[in-house]
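What follows is each chain in one-letter form.
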Amino acid sequence: MRAGVMGALLYNHFFWCLLLSHFSSTSFSPTSSSTSCKLWRHFQLNQVHQPGDVMLGGLFEAHFKSTFPEQTFTSEPRQPKCQGYVWEDSEQRERFHSLIFSRVSFDTLGFRHVMTMVFAVDEINRNQELLPGLTLGYRLYDNCGELVVGFSGGLSLVSGQEEQFASQDGCVGTPPVLGVVGDSYSTFSIATSVVLGLFKMPIVSYFSTCSCLSDRKKFPSFFRTIPNDDFQVQALIQILKHFGWTWAGLLVTGDDYGVGVARAFQRELAESGVSCLAYLEVLPWDNDPPELRRIVDLMRLSTARVVMVFAHETHMLHLMDEVMRQNVTGLQWIASEAWTGATVLHTPRLMYYLGGTLGIAIRRGEIPGLHDFLAQIRPDVHDKSQHNLVNQFWENTFQCRFVPPAGWLEAGGAKCTGREDLASAQSDFWDVSNLRPEYNIYKAVYALAHALHDLLQCVPGSGPFSGHSCATLQGLEPWQLLHYLQKVNFNTSFGDQVSFDDSGDAVRIYDIINWQWLPGGKTKIQHVGEVKESAFKGEELTLHDNKIVWSFGSEKAPRSVCSESCPPGSRMARKKGQPECCFDCILCSEGMISNMTNSMECFSCPKDFWSNPQRDRCVPKKTEFLSYHEPLGICLTSFSLLGTLICAIVLGIFIYHRSTPIVRANNSELSFLLLISLKLCFLCSLLFIGHPRLWTCQLRHAAFGISFVLCVSCILVKTVVVLAVFRASKLGGGASLKWFGAMQQRGTIMALTCIQAIVCTAWIVSASPSPYKNIQYYKDKIVYECVVGSTVGFAVLLGYIALLAILSFLLAFMVRNLPDNFNEAKLITFSMLIFGAVWVAFVPAYINSPGNYADAVEVFAILASSFGLLVALFGPKCYIILLRPERNTKKAIMDRGTDKSHKHR
């Protein structure tokens, strides 16, 4: 509450005594012999009045400003004088004079508000269904844009203007007015409602939006036909969100209206997180050039392109004067309802800066017949009072005087006759196409009328008051009308519902308008949307972007952000000491993503996924295994198949030449079995290539182990056979062949192979090898591999093969110097050296190879050792069979053996 409220309260100290005596049925007498109530203060206020059976009051702004001299309680107060703005100098006056069309004193639109209430009362009096047989009267006062004047008018409405009246019952009876329409400013309404609320006098405001007025404990009799500032703030936040404006400035007035808005904005923005305030400044109540210069300079330097202003048109005039002086352009203005409809700002000079303004506007309505009513206004030429508002309007419109002051006529001034042609006057007073505050006034008057109508329809015995009684017109009191006003519910002719919630607030709805500067220098108020409250969806914003014309004719909404939005794939990092809308964008780390704009943090991808290069989504990790489709896999597969083919060719050669001495001399049956086992060794390498599956993991090592044991077992038996034949060739050594014949050879091979089969079976049953997704080698890849399951089982498998290979090598080494007909021992020795060298090199290489390279190393070892055995054991024999057939005879073999024997001798 402004300090002016306290001043007004002190000024009317004695007037409070009169009010208390009037409404509490306690007689008050200024002197001991007096039996009447006396008015101690009489205010000469600008007014319009009409008598009636029931009186309604009204408080409006018909002048911009007034002076109210210092008052004392010991002298008669001087009358307030309504006037225009107070100028610093003549130059400033001239500048503003052109801006406000010479209306420096009289507020023509404010007077239209007054006449709208007059029209509404007149229309109700002519209505045969609403308040039939009852005439409404009114007493409407001008607050002159000053709190002390408006407060005085409120006290005058509640007490009346009679100087003195007799009372037999202690100053009781029907009060001068039963309800009040007004005031405009929130601070004025707060001051007036504090007093009127004590006596439950209904007051319905058409323009006061401060959310504080919804407090029923402080303002029990306050109602309004305009949404409160909380809803207006929520509506503006919806607009900011719609256009992506996250960085905006806020200018407010230093009264209850502005302070309440500032608090609501800070609270709502903190809860919603939609936008941040680049600055919050309080506009000076009066013209203060240094302070305005500082504020505009801040606006000019700020990166915020959107400026929201909660102020009255007087503040905007002062502010825009400084904006023009500094030539601050490129701002997107957002207007509150207090100045959205201020046509005083619609001048070419100002629209250069204000063009494209978006505004929260009071709901527009239509009032049929208002234009014709305004055209019929006529002054009372017999009323010589200087406080008749109709006469003041006439004087302002035609620049004349009914009672010319001294020197007026001599200076060229005209005297009003009352017969001037009102239709020829050029004024926005006649434009009723955009009725907004007027529509709220119209609804406020009808709300009081409907409440009074419902009150009078009460049936005795079923009323809402004590003992189910009803109110009577003769003893009607304001608190009784207040009861019915709370429950009023009707629809206007325009189709809008009028009702009040528990806080006295009306149905919440605002229009969104756009100030469009047309090429011809005219201003168009374009309706571009609305925001209303829904019981289920909260605030619903409807905007027609295609109808909006932005400043300087831009087709796109301006950008107003402290920091550009962080794209998906990055996160926001707040700047220290800055609002939350100011931040840096940091790219997410590998393996982490953010899939939303302005994400506060990055999220880790699931185990089997990895971030894409843009870091905005998780993609399946690349899978890696020894594939048939990659060069390494193709190469190993080719060599495996080549080895198998060579084995098949050699086997065919041996079968075809099975009767030749070189084949028969080397135990053809074991040679065939050895070739078959080598073929299996080549083929088992294919199990290590391709996508690992459970059956391939289980089969690969089993097949590898059994195939190589079968191969090495054949070599071992071959070596033993060579040794046995050598001993049999000596005197008395034939018995050794008897114990190691064909059956024993087959049995030995089978037994040795079965041991490996048992080892593999036990390994698979106890701890089976299985496929495994290894993510330890690479962050962005999954290596599919077969885990051995049991390291012991794998070690036993390899160890058993190594044992047979070592045994074969030792035996072959022992008989390496046998005659040439038994020279296969040398080949076996050489082949075992190759075999051992390959597998000794395999172990460290296998251990140190990551992922699919371990499988490649194992396949390489299998192929290398298989090729080594194939070439070492069968290469020389194929050479003789195919290229040196003359040496493939028994004589040649025996002779070579004999020659060798002689040499050894």
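Just so you know, these numbers come straight off a predicted model, no measurement behind them.

Draft legend 1. Region of interest: the overall build of the protein chain. In terms of helices and strands, the protein chain carries 26 helices and 31 strands. Every one of the 905 residues in the protein chain was classed for burial, and the buried ones make up 52%. Summed over its atoms, the accessible surface of the protein chain is roughly 41,000 Å², and 57% of this surface lies on carbon and sulfur atoms.

Draft legend 2. Structural view of the nonpolar core. Of all hydrophobic cores here, the largest spans 105 residues; its most connected members are Phe265, Met308 and Leu358. The next biggest cluster of nonpolar side chains, apart from the first, holds 67 residues, and it includes Ile749, Cys760, Ala812 and Ala854.

Draft legend 3. Layout of the sheet that holds strand E31 (residues 781-787). The three strands lie next to each other as E29-E31-E30, forming an open sheet whose pairing is mixed. Here the strands that pair on one side only, and so sit at the sheet edges, are strand E29 (622-624) and strand E30 (770-774). Here the average twist between neighbouring strands, direction ignored, is 30°. Alignment of E29 against E31, held across three bridges, turns out to be parallel. Along E31, the bridge assignment pairs lysine 622 with lysine 781.

Draft legend 4. Here's a closer look at a nonpolar patch on the surface. A cluster of nonpolar side chains, namely Phe639, Leu642, Leu645 and Ile649, defines an oily patch on the protein surface of about 360 Å² accessible area. Note that isoleucine 649 resides in helix H17 (residues 631-656). Overall, the relative accessible area of 47% leaves isoleucine 649 in the partly exposed class.

Draft legend 5. Inspection of the confidence of the model for the protein chain at higher detail. Across the protein chain, the average pLDDT comes to 81, with 84% of residues at 70 or higher. Low pLDDT, under 50, characterises residues 84-104; the stretch is placed with 40 contacts to residues that sit more than four places away or in other chains. In this model, residues 897-905 is a region of pLDDT below 50 whose contacts with residues beyond four sequence positions or in other chains number two contacts.

Draft legend 6. How the structure looks around the state of the cysteines. Inspection of the entire model under this criterion finds nine disulfides. For cysteine 400, the disulfide goes to cysteine 416, at an S-S distance of 1.8 Å. Looking along the S-S bond of the cysteine 400-cysteine 416 disulfide, the torsion reads about 100°, which is the right-handed sense. In this pair, cysteine 400 sits in strand E16 (residues 400-401) while cysteine 416 sits in the loop between strand E17 (414-415) and helix H15 (437-456), placing the two residues 16 residues apart along the sequence. Each member of the pair, cysteine 400 as well as cysteine 416, is classed as buried. Sulfur-sulfur distance for the disulfide between cysteine 588 and cysteine 602 comes to 1.9 Å.

Draft legend 7. Representation of the packing of helix H7 (residues 229-243) against helix H8 (residues 256-272). One way to put it is that H7 packs onto H8 with a least axis distance of 9 Å and a crossing angle of 50°. With respect to each other, H7 and H8 are oriented oblique. Crossing of H7 over H8 shows right-handed handedness. The residues of H8 that touch H7, namely those facing Asp229, Asp230, Gln232, Val233, Gln234, Leu236 and Ile237, are Tyr257, Val261, Ala264, Phe265, Arg267, Glu268, Leu269 and Ser272. Partitioned by chemical class, the residues of the contact of H7 with H8 number eight nonpolar, three polar and four charged.

Rules of the game
Residues numbered from 1 in each chain as written. Predicted model: local features only at pLDDT ≥ 70, side-chain atom pairs only at ≥ 80, totals over all residues. Heavy atoms only, no water. Helix = DSSP H or I, 4+ residues; strand = E, 2+ residues; numbered from the N terminus. Buried < 20%, exposed > 50% of the residue type's maximum accessible area, 1.4 Å probe, protein only. Areas by Shrake-Rupley, 256 points an atom, 1.4 Å probe, with all protein chains shown as cover. Core = buried A, V, L, I, M, F, W, Y, C linked by side-chain atoms within 4.5 Å. Pairing = 2+ DSSP bridges. Axes fitted to C-alpha atoms, helices over the stretch in contact; angles between N-to-C directions. Patch = residues over 30% accessible without salt bridge, like charges linked within 9 Å, V, L, I, M, F, W, Y side chains within 5 Å. Salt bridge = Lys/Arg side-chain N within 4 Å of Asp/Glu carboxyl O. pLDDT = per-residue confidence, 0-100. Contact = heavy atoms within 4.5 Å. Disulfide = S-S within 2.5 Å. Parallel < 35°, antiparallel > 145°, perpendicular 65-115°, else oblique. Left-handed = near helix turned anticlockwise from the far one by under 90°. Nonpolar A, V, L, I, M, F, W, Y, C, P; charged D, E, K, R; others polar.

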